[in-house]
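Here are the chains, one letter per residue:
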Amino acid sequence: MKSVVWVILRAAQQAQGCQGDMSLEEDSRWLEWVTKQFESIAGDDKEIDLDEFKTALKVKESFFAERFFALFDSDGSSSISLDELLEALDLLIHGSETDKLRFLFQVYDVDGSGSIDPDELRTVLKSCLRESAISLPEEKLDDLTLALFESADKDNSGSITFEELKAELENFPEVMENLTISAANWLKPPDLEQKKCKTPRYLTRAYWHNNSRKLLFLCLYALLNVLLFIIAMLKNAHGGPWFMVAKGCGQCLNLNCTLIMVLMLRRCLTWLRATWVLRVLPLDQNILLHQIVGYAILIFSIVHTGAHVINFARMSQTDGMYQLWEYLFTIRPGIGWVNGTASNTGVILQVLICLMVVCSSTFVRRSGHFEVFYWSHLSYIWVWALLIVHCANFWKWFVVPGVVFLIEKLVGIAVSRMGGLYIVEVNLLPSKVTHLVIKRPPFFHFKPGDYVYINIPVIAKYEWHPFTISSAPEQQDMLWLHVRSMGQWTNRLYEYFRQPESQTIYNKRLSASLRNRRHESRIENHRYCNIKCYVDGPFGTPTRQIFASEHAVLIGAGIGITPFASILQSIIYRMRKQNYPNCNYSWCETIKDNEMKLRKVDFIWINRDQKSFEWFVSLLTKLEMDQADEEPEGRFLEMHMYMTSALSKNDMKAIGLQMALDLLAKKEKRDSITGLRTRTQPGRPDWAKVFQKVSEEKKGKVHVFYCGSPALAKVIKAQCEQFGFNFYKEHF
C-alpha cells in the first residue's frame, strides 16, 4: 500500500501547485482526506460494499455503479479496500490516456470477452442517456448505437476491439483532456485544484476600465456624503460629540433618502439611456446603486438613532427633567419641528427601514416570497411622509425629485389603463413557464430587451410584477411574456391556466377572429382566452445598446433567454431589411440603416434540462433557416447550446453517448436533443475558451450581455475583465 500512496503523491506533486511542488504538509493532508472519505463510507468493516459504493458515487444508473465497482474490486472479494481505492485513484486521476481508455473499454465490455458487441454498446448508451437526463425515443437510441458502432468497427468484424475504440477516440481530442469520473467527487481531493498566483481582480487595470463609470459615481457619492457629514457636524458643534454625529448622519440621510428615489425613476432613466448621459453615469447599474444606497441608509439611520439615544441618556442624567423612555417614546420633551414628534417618528422610521432592508434581501426574493419584498417595499410612502414630519429640512431635498416621481406614477397609471389590454392566448411550457400572448395596442412602442410591469386582476388585484418582453418590436399585433414559476404570484398564474375547470371570462367585445374560438381550447397546455390585464412600461435595460455594438455576445441562463428572444427576432427583421431594402412591410419603415452596427452575434443559451429548450426552439429554428446557405465561419449569428444536466465529454459515463451524438448530428445535420442544426454541448461552458475564441475572431469591440443567475454573472464578468470585454447584466 505504501508504494501505491508514494506513486500517487509523486504524480500529484508533478501536476499540482502554484509554481512549485506540493509540500509534505499538503501530502499528508491529501492522504488524510482520502482516508477520512473512505472511512466515512466503509464503516466499521473497513470495506466498501456495492450499496455503499452506489450511494457514495452518486450516479443515477446502477449499471455504471456496478461496472465501476467490479473494476475497482481487483481481488474479486465483493468489497473495496482502501488499497484498492487508492489504486483506482491513481488510475483515474493520474493515469495515462491509455490506462484510462483501458478502464473505459472494460466498462463497455460487459461480458469480459475482450470486445464490445452492438447489444453491449446499446445497453451502455441507454444508461448514458439516463445518467445525463436525456430523453430520446427507442428508434433514436438505435440510430445512435448504429452510428457509433459503424464508425468504430473499422474492420466490419461485428465487434469493437480496444485498438478500434482507441482509434475512434483519436477523432475526439477534447475528450482526453481530463477523462475521469466527474460524479465521484469523493474520489478527488478538494485541495488539489490547480492554484493560480494572480493579482486580485479588483486591482487589475481591466476591472477599473470596465467599471470606470460605476467607480467614479461611487467615489463622488462617498465624497459628497463625507462633505455633508463634516459640514453638519461643524454647524452643530455646540451640542456635544454625539449630537454632532447624529446631525451628520441626519444630513447624509437627507441626501440618501432622496437619491434612492431618483435611482428608481424608470421612465427618466429610460429616456436618459438614449442621450450622452449614458456615457458618463452608470445608468445600467441603477439597481445595484439603489441597493448600495439602501444599505447606506440603514447604516446611517442606525448610527443616527444610536447617537441620539446616547445623547438622550446623557441629558436624562444631567438635567433630570425627563427619563430616557420619555425622550424616546413621548412628545413631552418637545423635540422636533412638528409638535415635538421627532423621537416618535424616528423610532417608527428605524423599524420601517430595517424591515424594508431585511425583506428586500436576496434570501427573501429568491426563496419564492417575492410578495413579501413587494408589499414591504411599498412602505416607502410612509417613510417619506414620516421623514417630512421628522426632519425640518428634508422637504427641501425631496420636493423636486418627489414631484418627478409623482408625475412618473401618474403617467404609469394613465398608460396602464389605456388601450384595454387583454391576454388572448396562453401556452404552458416545460419547467412551469407560462407564455402569455397579449393584444398589443397601437401606441405601445418598445425596443428589444425592454421590460414591463404587468397586473392581472384575476390573479392578484393589486400586485405588479416585472417581466422582460420576449417578442420583437417589429411584431405589431402581439406582445409576448414568458413567466417562470418561482414565487407565489407566478405559481398562481401557472396553476390558474393549468386547471381544466378554470373558465376564462369572455368579454362581449371580442374581435371577429376570437369570436369563432369563443369556447376555451381543450388542446393540452394551450388555450385561447380574453383576460383583462394592465401593463406599465416599457422600461429600458442595458440590452438597448446591442445594436450599437460591433460584436455582441448574448448569454442567457434558463429563462434568462427572454430579452435575447426579443433581440434575436428583431435581428431577423433587420437583416431582412438589409437584404431586401425595398420591403414594404410596416416594420421596415421604422428601421434606420445606421442603427445596425453589428458585425457578429454569438448567442449562448445554458439550460439545466432538455425540456427547457422547447421554450424557444421554434424561434431558433427560424434563425438557423435564415442562415442555412451561409458557411459556418461566415455566419452573422452563431448559436451555442449547453445542457448542464448532461455529463461532459470527458466523463467516462458519458463519453460514448457524446461521441454517438456527434456522429449522428453530422450524419443527419440535426441535433438529437433539440432538433436544431446547432449541436447541444454537455455540461457548462469553459468561459476562458469561449471568450478566447471570441477574441480571436476580431470582429470589433466585444460587448457581453447576460441575463440569468447572479452567481454565474460574477464568473462571466471576471472573465470579461480579463479579456477587456464590456459586460452588461440584465437586472431590474
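Located above this text is the structure these notes cover.
Residues numbered from 1 in each chain as written. Predicted model: local features only at pLDDT ≥ 70, side-chain atom pairs only at ≥ 80, totals over all residues. Heavy atoms only, no water.

*Asks:* Give me the overall build of the protein chain: which residues, what numbers.
*Replies:* When helices and strands are tallied, the protein chain shows 27 helices and 13 strands. Looking at the protein chain as a whole, 51% of its 732 residues qualify as buried. Within the protein chain, contacts between residues at least 6 apart in sequence are counted, and of these 70% link residues at least 24 apart. Of the roughly 36,200 Å² of accessible surface on the protein chain, a fraction of 58% belongs to carbon and sulfur atoms. (Helix = DSSP H or I, 4+ residues; strand = E, 2+ residues; numbered from the N terminus. Buried < 20%, exposed > 50% of the residue type's maximum accessible area, 1.4 Å probe, protein only. Contact = heavy atoms within 4.5 Å. Areas by Shrake-Rupley, 256 points an atom, 1.4 Å probe, with all protein chains shown as cover.)

*Asks:* Explain the packing of helix α12 (residues 241–262) against helix α20 (residues 394–417) to me, using residue names and the numbers behind them.
*Replies:* Viewed as axis vectors pointing N to C, α12 and α20 meet at an angle of 0°, and their least axial separation amounts to 9 Å. As summarised for this structure, α12 and α20 are arranged roughly parallel, according to the angle between their axes. Taken together, the residues of α20 that come into contact with α12 (itself represented by Q251, N254, L255, C257, T258, M261 and V262) are F394, W397, F398, P401, G402 and F405. Across the contact of α12 with α20, the residue classes break down as nine nonpolar, four polar and no charged. (Axes fitted to C-alpha atoms, helices over the stretch in contact; angles between N-to-C directions. Parallel < 35°, antiparallel > 145°, perpendicular 65-115°, else oblique. Nonpolar A, V, L, I, M, F, W, Y, C, P; charged D, E, K, R; others polar.)

*Asks:* Talk me through the sheet that holds strand β3 (residues 451–455); I want residue IDs and the actual numbers.
*Replies:* What the three strands build is an open sheet, ordered β4-β3-β7; its pairing is antiparallel. A strand with exactly one partner marks an edge of an open sheet, and here the two such strands are β4 (465–468) and β7 (534–539). Geometrically, the sheet is characterised by an average inter-axis angle of 30° between neighbouring strands, direction not taken into account. Bridge count between β3 and β7: four bridges; the pairing is antiparallel. Across the sheet, residue I454 finds its bridge partner in β7, namely V535. (Pairing = 2+ DSSP bridges.)

*Asks:* Describe in detail the sheet that holds strand β10 (residues 637–643), supporting the description with residues and values.
*Replies:* What the six strands build is an open sheet, ordered β11-β10-β9-β8-β12-β13; its pairing is parallel. A single partner strand is all that each edge strand has here, and the edge strands are β11 (680–682) and β13 (726–729). The average angle at which neighbouring strand axes cross in this sheet is 20°, direction not considered. Lying on the sheet, helix α24 (residues 617–626) is in contact with β9 (600–607) and β10; it crosses β10 at an angle near 145°.

*Asks:* Quick rundown of the packing of aromatic side chains? Include the residues and the values.
*Replies:* Across all of its chains, the model carries 24 aromatic pairs by this definition. With centroids separated by 5.8 Å and ring planes inclined at 25°, the aromatic side chains of F467 and W489 adopt a geometry described as stacked. Here F467, found in strand β4, pairs with W489, found in helix α21 (residues 488–498); they are 22 residues apart in sequence, far enough to count as distant. Under the relative-accessibility criterion, F467 is labelled buried at 13%. Taken together, the aromatic side chains of Y380, W384, F394, F398 and F405 make up a single cluster linked through ring pairs. The ring of Y422 is capped by K532, whose NZ or CZ atom sits 5.0 Å from the centre of that ring. (Phe/Tyr/Trp six-rings, centres within 6.5 Å; stacked < 30°, edge-to-face > 60°. Lys NZ or Arg CZ within 6 Å of the ring centre and 35° of its normal.)

*Asks:* Could you give an account of the nonpolar core, with specific residues and numbers?
*Replies:* Y108, L554, F603, W605 and L620 are the most contacted members of the largest nonpolar core, which has 86 residues in total. Considering every element that reaches this core, the biggest residue donor is helix α25 (residues 655–668), with seven residues. Both domains that meet at this core, namely domain 1 (26–186) and domain 4 (542–579 + 594–645 + 683–729), each give it at least three residues. In this structure Y108 touches I116, E120, L121, V124, C128, M652, I655 and G656, once residues within four positions along its chain are discounted. By size, the runner-up hydrophobic cluster in this structure holds 33 residues, among which are F217, L253, V293 and Y380. (Core = buried A, V, L, I, M, F, W, Y, C linked by side-chain atoms within 4.5 Å. Domains from an automatic or database assignment.)

*Asks:* Quick one: what's the story with the packing of helix α11 (residues 212–235) against helix α14 (residues 286–318), residue by residue and with numbers?
*Replies:* Packing of α11 against α14 brings their axes to within 12 Å, and their N-to-C directions diverge by 20°. It follows from the interaxial angle that α11 and α14 lie roughly parallel. The chirality of how α11 crosses α14 is right-handed. Of the residues in α14, those touching α11 at K214, F217, L218, Y221 and N225 are L288, L289, I292, V293, A296 and F300. Looking at the contact of α11 with α14 residue by residue, the classes come out as nine nonpolar, one polar and one charged. (Left-handed = near helix turned anticlockwise from the far one by under 90°.)

*Asks:* An account of the pairing of β10 is requested, with residue identities and associated values reported.
*Replies:* Buried residues dominate β10, accounting for seven of its seven residues. The side-chain alternation of β10 yields two buried faces, one formed by L637, M639, M641 and M643 and the other by E638, H640 and Y642. Note: β9 against β10, seven bridges, orientation parallel. When the sheet's bridge partners are listed, D602 is paired in β10 with E638. Taken together, the three bridges between β10 and β11 define a ladder with parallel strand orientation. Directly across from M641, in β11, lies its bridge partner T680.

*Asks:* Tell me about the side chain of N607, residues and numbers included.
*Replies:* Tracing the chain through its elements places N607 in strand β9. According to the relative accessible area criterion, N607 is buried, its value standing at 2%. Excluding its chain neighbours within four sequence positions, the residues that come into contact with N607 are G558, S612, F613, W615, Y642, M643 and T644.

*Asks:* Describe in detail unusual backbone geometry, supporting the description with residues and values.
*Replies:* Looking along the chain, the bond that leaves G537 and enters P538 is cis, with omega of 5°. Along the chain, the position of P538 falls in strand β7. In this structure, N156 takes a positive phi of about 55° despite not being glycine. Examined against the element boundaries, N156 turns out to sit in the loop between α8 (138–152) and α9 (162–169).

*Asks:* Let's hear about the pairing of β3: which residues, and what values?
*Replies:* The side chains of a regular strand alternate between the sheet's two faces. With five of five residues buried, β3 is to be regarded as a mostly interior element. Neither face of β3 is open: one carries Y451, Y453 and N455, the other V452 and I454, and all of them are buried. Across four bridges, β3 lies against β4 in antiparallel orientation. When the sheet's bridge partners are listed, Y453 is paired in β4 with P466.

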